Amino acid sequence: FFFSLSLSRPPTTTPPPAGYKRFMAGTFAPTKTVWSIDNRTAAFRLCGARTKAVRIECRIGGADINPYLAFAGVLAAGIKGLDLELPLPPPSTGDAYTLACANSIPSTLRDATPVFKSSSMLREAMTAAVVDHYARCAEWEQEEFDRVVTNWEIERGFELA
């Protein structure tokens, strides 16, 4: 029950827009909200199955994520999943990147922010003020990112001129 809700609605966002560039097939960063046994392409990975070291790894957040917000989101989703007694689907097998029937993890900050902002589960667990604050931070980060002209864009412009 604990990870059932997280599979349908991943609770975390990666703060900088560039952090989303890792969410693509072949990078070992997850792109689908599935769980699997020792599979690095899944969002949630069961490691050490049938050992004393068994654990679940949430692979959605990168090194640049706010660990307190991420941990709180995963715990809130887990507790809500327990409360609702949501069934856990069977584990995914094989390459999770190729699963057409699985929900995708947002691939940009622009796409992830409204999902985060509209989460009733997070609003209930963390309060609307906290969610709105972090959502506004993400919106501001995207606005700043959109305002900058990168070296690649300048070089590409000269190539096309």
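For the structure given in this document, a descriptive report is provided here. Here the structure is a predicted model, which is why all the values come from computation and not from measurement.

All right, on to the overall build of the protein chain then. Along the protein chain, the regular secondary structure elements total six helices and three strands. Principal axes of the C-alpha set define a box for the protein chain whose edges measure 60 × 40 × 30 Å. Relative to its 161 residues, the protein chain shows a buried fraction of 37%. Restricting the contact set of the protein chain to residue pairs at least 6 apart, pairs at least 24 apart contribute 65%. Entry remark: accessible area of the protein chain is about 9700 Å², with carbon and sulfur atoms responsible for 61%. For the protein chain, the separation between the mean place of its 17 positive charges and that of its 17 negative charges on side chains is 7 Å.

Here we take up the sheet that holds strand 3 (residues 55–58). Pairing within the open sheet is mixed, and its three strands lie in the order 1-2-3. One side of each edge strand has no neighbouring strand; the edge strands of this open sheet are strand 1 (32–37) and strand 3. Between one strand and the next, the sheet's axes are offset by a mean angle of 20°, whatever the strand orientation. Inspection of the sheet shows strand 2 (residues 42–47) paired to strand 3 by four bridges, in the antiparallel sense. From the neighbouring strand, Phe 44 faces strand 3, where its bridge partner is Cys 58.

Structurally, the position occupied by Leu 69 is in helix 2 (residues 67–84). Exposure remark for Leu 69: the relative accessible area of 14% places this residue in the buried category. Sequence spacing of Leu 69 and Tyr 134 is 65 residues, and the spatial spacing of their C-alpha atoms is 9.1 Å. Once residues lying within four places of it in the same chain are set aside, the contact partners of Leu 69 are Phe 116, Met 126 and Tyr 134.

Right, let's get into unusual backbone geometry. In this structure, Glu 85 takes a positive phi of about 50° despite not being glycine. Within the element layout of this structure, Glu 85 appears in the loop between helix 2 and helix 3 (109–117). Non-glycine residue Thr 127 carries a positive phi angle of around 85°. Its place among the elements puts Thr 127 in the loop between helix 4 (120–126) and helix 5 (128–147). Residue Thr 127 is classed as partly exposed on the basis of its relative accessible area of 42%.

Moving on, we get to the pattern of salt bridges. Scanning the entire structure with this criterion turns up eleven salt bridges. Glu 139 is the salt-bridge partner of Lys 117, the closest N and O atoms lying 3.2 Å from each other. Remark: Glu 139 occurs in helix 5 and Lys 117 occurs in helix 3; sequence separation between them is 22 residues. For Lys 117, a relative accessible area of 34% puts it in the partly exposed group. Across the pair Arg 136 and Glu 139 runs a salt bridge, and its minimum N-O distance is 3.5 Å. Here Arg 136 pairs with Glu 139, and both are found in helix 5, just three residues apart, close to one helical turn.

Before going further, it helps to examine the environment of Val 115. Inspection of the secondary structure puts Val 115 in helix 3. C-alpha separation for the pair Val 115 and Ala 135, spaced 20 residues apart in sequence, amounts to 9.6 Å.

What follows covers the nonpolar core. If you look at the biggest cluster of nonpolar residues, it comprises 13 residues, and the most contacted ones within it are Tyr 20, Phe 23, Trp 35, Ala 43, Phe 44, Ile 60 and Ile 105. Contributing elements (two or more residues each) for this core: strand 2 and helix 3. Here this core takes three residues from strand 2, the largest share from any one element. Once you skip the residues sitting within four places of it in the chain, Trp 35 turns out to touch Leu 7, Ala 42, Phe 44, Leu 46, Leu 88, Pro 89, Pro 90, Pro 91 and Ser 92. The next biggest cluster of nonpolar side chains, apart from the first, holds nine residues, and it includes Ala 77, Leu 122, Met 126 and Val 131.

Criteria and cut-off values
Each chain carries its own residue numbering, running from 1 in the direction its sequence is written. Confidence filtering applies because this is a predicted model: local features only for residues at pLDDT of at least 70, side-chain atom pairs given and counted only at 80 or more, and all residues used for totals across whole chains, interfaces and linings. Only hydrogens and water are set aside; all other atoms, that is, all heavy atoms of the structure, feed into the side-chain values. Secondary structure elements are defined from DSSP: runs of H or I of at least 4 residues count as helices, runs of E of at least 2 residues count as strands, and each element is numbered from the N terminus. To sort residues, take the accessible area from a 1.4 Å probe on protein chains only and compare it with the maximum for the residue type: under 20% means buried, over 50% means exposed, and anything in between is partly exposed. Residue contacts are defined here by distance: any two heavy atoms, one from each residue, within 4.5 Å place the two residues in contact. Using a 1.4 Å probe, accessible areas were evaluated by the Shrake-Rupley method; residue-level cover was limited to the displayed protein chains. Residues scored as positive are Lys and Arg, those scored as negative are Asp and Glu, and His as well as the terminal groups of each chain are ignored. For the purpose of locating charges, the reference atoms are NZ of Lys, CZ of Arg, CG of Asp and CD of Glu. For two strands to count as paired, DSSP must find a minimum of two bridges between them. Geometry is summarised by axes, namely lines fitted to C-alpha atoms with helices restricted to the contacting stretch, and by angles between N-to-C directions that run from 0 to 180 degrees. Salt bridges, as used here, are contacts in which a Lys or Arg side-chain nitrogen is within 4 Å of a carboxyl oxygen on Asp or Glu. By nonpolar core we mean a set of buried residues, namely Ala, Val, Leu, Ile, Met, Phe, Trp, Tyr and Cys, connected to one another through side-chain atoms within 4.5 Å.

Any functional reading would require information that these geometric values do not contain.
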